[in-house]
Amino acid sequence: HYVQHGELARGLDLIAPFAHLDSLDYDALMDVANAYAAADQRAAARAYYERAAAVTPERADAHLGLARLASRDGRLTSSLAIYEKIVADNPESFEGWLGVIRTGQLLNEPMRVASATNQVWQIAPGSALLHREELRLALQAGDTARFVAGLEQYLADQPEDSAAHLWRQRWMGATGQP
């Protein structure tokens, strides 16, 4: 909370008694890593994510943090490699698959993006977040037919989702089409 509101020192002072880089407390290490990441102190965040990953390698959160940091540092190939390791170790990692999709797109690897998208649909059919990702991808590709079909499916799968209706309103406003 404090870190997100610009009070890094106060936030870290509260966490400091529970986590040092030699700590074995995964959750405390992750709290400190996330606080440093939120404060855009990437080197410190990376050190804590790496320690957390070493303490409990089977948990994906630290690896996801490292992938996000790599992406923020512009090391997209490294980020993608981390995301791909995450999904290889845990094929049901929704966040890992989204990382593969988004990073693959940034690296202009449409086949990898398509493959990852197909995988994530299998683990999260009807997901509102995945529908929004598909709409974004269709718009970026300039694929109007895919966008319209995706929007119709989104509305069918998530009829109560206000975001789906907002997408439809924006589409109608921009194109005059229903």
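For clarity, every value in this text was computed on a predicted model and none was experimentally measured.

Moving on to the packing of aromatic side chains. Each aromatic ring pair is described using two quantities: the centre-to-centre distance and the angle formed by the ring planes. Under the counting rule described, the total for this entry stands at 3 aromatic pairs. Each ring, one from Phe147 and one from Trp167, has its centre 5.9 Å from the other, and the planes form 50 degrees; the classification is tilted. You can see Phe147 sitting in helix α9 (residues 144–157) and its partner Trp167 sitting in helix α10 (residues 162–175), a full 20 residues away along the chain. For the residue pair Phe147 and Trp167, the accessibility class agrees, reading buried in each case. Three or more aromatic residues link up through ring pairs in this structure, and these residues are Phe147, Trp167 and Trp171.

Scanning the entire structure with this criterion turns up 14 salt bridges. A salt bridge links Asp27 to Arg59, with the shortest nitrogen-to-oxygen separation between them at 3.3 Å. One end of the pair, Asp27, is in helix α2 (residues 26–38); the other, Arg59, is in the loop between α3 (42–55) and α4 (60–72), with 32 residues separating them in the sequence. The salt bridge involving Arg72 is made with Asp40; its shortest N-O contact spans 2.7 Å.

For helix α8 (residues 128–141), with 14 residues, the first-to-last C-alpha span of 20 Å sits near the 20 Å given by 1.5 Å per residue. By the burial criterion, the buried members of α8 are Ala128, Leu130, His131, Glu133, Glu134, Leu135, Leu137 and Ala138. Summarising the contacts, the buried residues of α8 are in contact with α6 (94–106), α7 (110–123), α9 and α10. Its side-chain oxygen at 3.3 Å from the backbone nitrogen of Leu129, Ser127 defines the N-terminal cap of α8. Looking one or two residues past α8, Gly142 carries a phi angle of roughly 70 degrees, positive in sign.

For the rest of this paragraph, the subject is the packing of α2 against α3. Angle between the axes and distance between the axes are the two parameters that describe a pair of packed helices. At a closest axis distance of 8 Å, the pairing of α2 and α3 adopts a crossing angle of 160 degrees. Classified by the interaxial angle, the pair formed by α2 and α3 is roughly antiparallel. As α2 runs across α3, the sense of the crossing is left-handed. Taken together, the residues of α3 that come into contact with α2 (itself represented by Tyr26, Leu29, Met30, Val32, Ala33, Asn34, Tyr36 and Ala37) are Ala44, Ala45, Tyr48, Tyr49, Arg51, Ala52 and Val55. Classifying every residue of the contact of α2 with α3 by side-chain character gives 13 nonpolar, 1 polar and 1 charged.

Quick notes on the rules
- Residues numbered from 1 in each chain as written.
- Predicted model: local features only at pLDDT ≥ 70, side-chain atom pairs only at ≥ 80, totals over all residues.
- Heavy atoms only, no water.
- Phe/Tyr/Trp six-rings, centres within 6.5 Å; stacked < 30°, edge-to-face > 60°.
- Helix = DSSP H or I, 4+ residues; strand = E, 2+ residues; numbered from the N terminus.
- Buried < 20%, exposed > 50% of the residue type's maximum accessible area, 1.4 Å probe, protein only.
- Salt bridge = Lys/Arg side-chain N within 4 Å of Asp/Glu carboxyl O.
- Expected span 1.5 Å × (residues − 1).
- Contact = heavy atoms within 4.5 Å.
- Polar contact = N/O pair within 3.5 Å; in protein donor to acceptor, adjacent residues only side chain to side chain.
- Axes fitted to C-alpha atoms, helices over the stretch in contact; angles between N-to-C directions.
- Parallel < 35°, antiparallel > 145°, perpendicular 65-115°, else oblique.
- Left-handed = near helix turned anticlockwise from the far one by under 90°.
- Nonpolar A, V, L, I, M, F, W, Y, C, P; charged D, E, K, R; others polar.

So far we have only geometry, and geometry alone does not tell us how the molecule works.
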